[in-house]
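Chain by chain, the residues run as shown.
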Amino acid sequence: MSSSAAQSSGRAAGGQLEDKVDLSSETTAKIAQAQQLVASSSGGSSSALQDALALLTALEKRCRVGNDTPSLVKVCEASLELCHEANDHEALLATLKTLSTRRSQKSKAIASLVSKCLPWVVDADGDGFTPLPVADGSEESKKAQNALVEELRNITDGKMYLEAERARLTRTVAILKESAGDIAGAANVLQEVHVETYGSISKREKIEFILEQMRLTLMKKDYVRAYIVSNKIKRPVLEEEGMAELKVKFYTSLTNYYKHEKEPMELAKCYHAIYSTPSVQEEESQWKEALTNTVVFLCLSEYSNEVKDMMERINRDFKLDKIPECKETLQSYLKDEIIHYPLPHQTMLESIPAFNDNGKDDDANDGGGSSLKEHWHTMFHTRIIEHNLRVSSIYYRQIHTSRLAQLLSLDVAATEKHISQMVSNGTLYAKIDRPKDTVRFMKKRCEEEVLTDWAADIKELLGLVEKTTYLIAKENMVQSH
């Protein structure tokens, strides 16, 4: 084949496939010549390296134009290897950028460039994204490492066949930024990658990536985005085999979000999900902590059918017997009886790690930046009062406000306040008559409702009379024969 055909980059006459040239033998010889050129120079001088790169650059063009992809890959890798062995970071970056941006560069060649450089900056044999420690620890070497990682990210940008490498390199950049104290920068760079749309990454690696996004956004205190990111993980996937560790990590991160939002019911669900994990069930200390947290935050949750159902289910759990404080507290909430505040085990319940958080909350409703622990302490008392009001509405149609306040161990003003809140929330029906000092819990019925109920009772009574008459007549007939 003529040399002009070998250098042709267009299509053959008639629109046929591009010409292919075998340059393998020449590639082997030129690579060896370039290596010898660098090795023979004194201390690997910069001029010798440039001469070797120029030699391989000319060969790279011939391989690329001649469609000899295997030889092209060898030339690209050899060029990078020479720069790396010479410890010339500037030449390495320049060569990498030049080779990756060549006109009509082959995708296999670009992929080989990235795969060749990855072991120099990350733990390729391990997780694939942990940055390697700098040998000499100098700032210059660290900057060179960061520059190489950024260049590799730029090369992989927009290339579907390198989406897995881009995701891992992005995690590397995030780790480097976090180690430098730039939490916001680490969170922002990690959010650029929508790993849930990548098909070349395993399900487990996707979840690990999203969990890292959640962790950094929570550290950044971007709680809205953290919740949005959490919805990218499908809960049933966490129940699959081998996902126990990720499940615990996911729900632990969610608890940080719900603590900020002060949603005790969601916190109870998260801790119960952790409790139901098989790996947690095997460790007594872990499941006791998770079950205790579940019970405490259930008691802090506003009453609803869902809360009542969850309390009933947990109360039937035989493992709850090993935590008598939680067992007694839960049974107190399930009984239609007045609960005296404080609870017998109030101190123990409020001393759990998830409850005893001394961090300040900037979004506190009182505007005073009260601690989360104080908020839960107040909420505990509020939920007990609400429980006692529901119990009172069961046993009393009407009661004096002063007597009700005495039962709740409150003053009249506080009693009226809690009744008003429950009525506004729709969890209780009550009418307060201040002149008469009474609270009426039963809704006053109109005449039609009373008459309808009376008619139904009369109908039921007449049915019983008729049935009884029939049975008496039947018994008399049997006895007469």
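Residues numbered from 1 in each chain as written. Predicted model: local features only at pLDDT ≥ 70, side-chain atom pairs only at ≥ 80, totals over all residues. Heavy atoms only, no water.

**Some thoughts on the sheet that holds strand E3 (residues 438-440)**
Within a sheet, each strand pairs with its neighbour through backbone hydrogen bonds, oriented either parallel or antiparallel. Taking strand neighbours across the sheet as the criterion, the 3 strands line up as E1-E3-E2 in an open arrangement whose pairing is antiparallel. Bordering the open sheet on either side are strand E1 (398-400) and strand E2 (431-433), each of which pairs with just one other strand. Mean inter-strand twist for the sheet, computed between neighbouring axes without regard to direction, equals 20 degrees. Where E2 lies against E3, 3 bridges are found, and the strand directions are antiparallel. Along E3, the bridge assignment pairs Ile432 with Val439. Its contacts with the sheet put helix H21 (residues 401-408) on E1 and E3, and the angle it makes with E1 is roughly 85 degrees. (Pairing = 2+ DSSP bridges. Helix = DSSP H or I, 4+ residues; strand = E, 2+ residues; numbered from the N terminus. Axes fitted to C-alpha atoms, helices over the stretch in contact; angles between N-to-C directions. Contact = heavy atoms within 4.5 Å.)

**Observations concerning the nonpolar core**
The biggest cluster of nonpolar side chains holds 108 residues, and the ones touching the most others in it are Leu152 and Phe380. Beyond its immediate stretch of four places on either side in the chain, Phe380 contacts Val296, Cys299, Leu300, Tyr333, Leu343, Gln346, Leu349, Glu350 and Phe355. Core analysis: the next-biggest nonpolar cluster, separate from the first, contains 12 residues, Leu389, Ile399, Leu404 and Ala430 among them. (Core = buried A, V, L, I, M, F, W, Y, C linked by side-chain atoms within 4.5 Å. Buried < 20%, exposed > 50% of the residue type's maximum accessible area, 1.4 Å probe, protein only.)

**Let's talk about the side chain of Glu60**
As for its placement among the helices and strands, Glu60 is situated in helix H3 (residues 46-65). A relative accessible area of 0% means that Glu60 is categorised as buried. The residues contacting Glu60, other than those within four sequence positions of it, are Leu72, Val75, Cys76, Leu99, Arg102 and Gln105.

**So, the pattern of salt bridges**
Tallied over the full model, the rule gives 25 salt bridges. A salt bridge links Glu266 to Lys269; its shortest N-O distance comes to 3.9 Å. Taken together, the positions of Glu266 and Lys269, both in helix H14 (residues 264-275) and 3 residues apart, correspond to about one turn of that helix. In this structure, Arg434 and Glu416 form a salt bridge, with 2.7 Å as the shortest nitrogen-oxygen distance. One end of the pair, Arg434, is in the loop between E2 and E3; the other, Glu416, is in helix H22 (residues 412-425), with 18 residues separating them in the sequence. In this structure Arg434 comes out as exposed when scored by relative accessible area, which is 63%. Exposure remark for Glu416: the relative accessible area of 12% places this residue in the buried category. (Salt bridge = Lys/Arg side-chain N within 4 Å of Asp/Glu carboxyl O.)

**Here we look at a nonpolar patch on the surface**
A surface patch of nonpolar side chains, amounting to about 610 Å² of accessible area, comprises Leu451, Trp454, Ile458, Leu461, Leu462 and Val465. Relative to the assigned elements, Leu451 resides in helix H23 (residues 447-480). Note on Leu451: relative accessible area 55%, which makes it exposed. (Patch = residues over 30% accessible without salt bridge, like charges linked within 9 Å, V, L, I, M, F, W, Y side chains within 5 Å. Areas by Shrake-Rupley, 256 points an atom, 1.4 Å probe, with all protein chains shown as cover.)

**Points about the packing of aromatic side chains**
When we look at a pair of aromatic rings, we describe it by the centre distance and by the angle of the planes. For the structure shown, the criterion picks out 6 aromatic pairs. Each ring, one from Tyr271 and one from Phe297, has its centre 5.8 Å from the other, and the planes form 10 degrees; the classification is stacked. With Tyr271 in helix H14 and Phe297 in helix H16 (residues 284-299), the pair connects residues that are 26 residues apart, well separated along the chain. The pair formed by Tyr271 and Phe297 is uniform in burial state, with each residue classed as buried. On the basis of an interplanar angle of 80 degrees and a centroid distance of 5.4 Å, the ring pair of Phe297 and Trp376 is categorised as edge-to-face. Residue Phe297 is located in helix H16, and its partner Trp376 is located in helix H20 (residues 372-395); the two are separated by 79 residues in the primary sequence. Accessibility expressed as a relative area gives 0% for Trp376, which makes it buried. An aromatic cluster is present here, built from Tyr227, Tyr257 and Tyr258 joined pairwise through their rings. Taking NZ or CZ as reference, Arg171 lies 3.8 Å from the ring centre of Phe129, over its face. When the ring centre of Trp287 is taken as reference, the NZ or CZ atom of Lys319 above it lies at 4.9 Å. (Phe/Tyr/Trp six-rings, centres within 6.5 Å; stacked < 30°, edge-to-face > 60°. Lys NZ or Arg CZ within 6 Å of the ring centre and 35° of its normal.)

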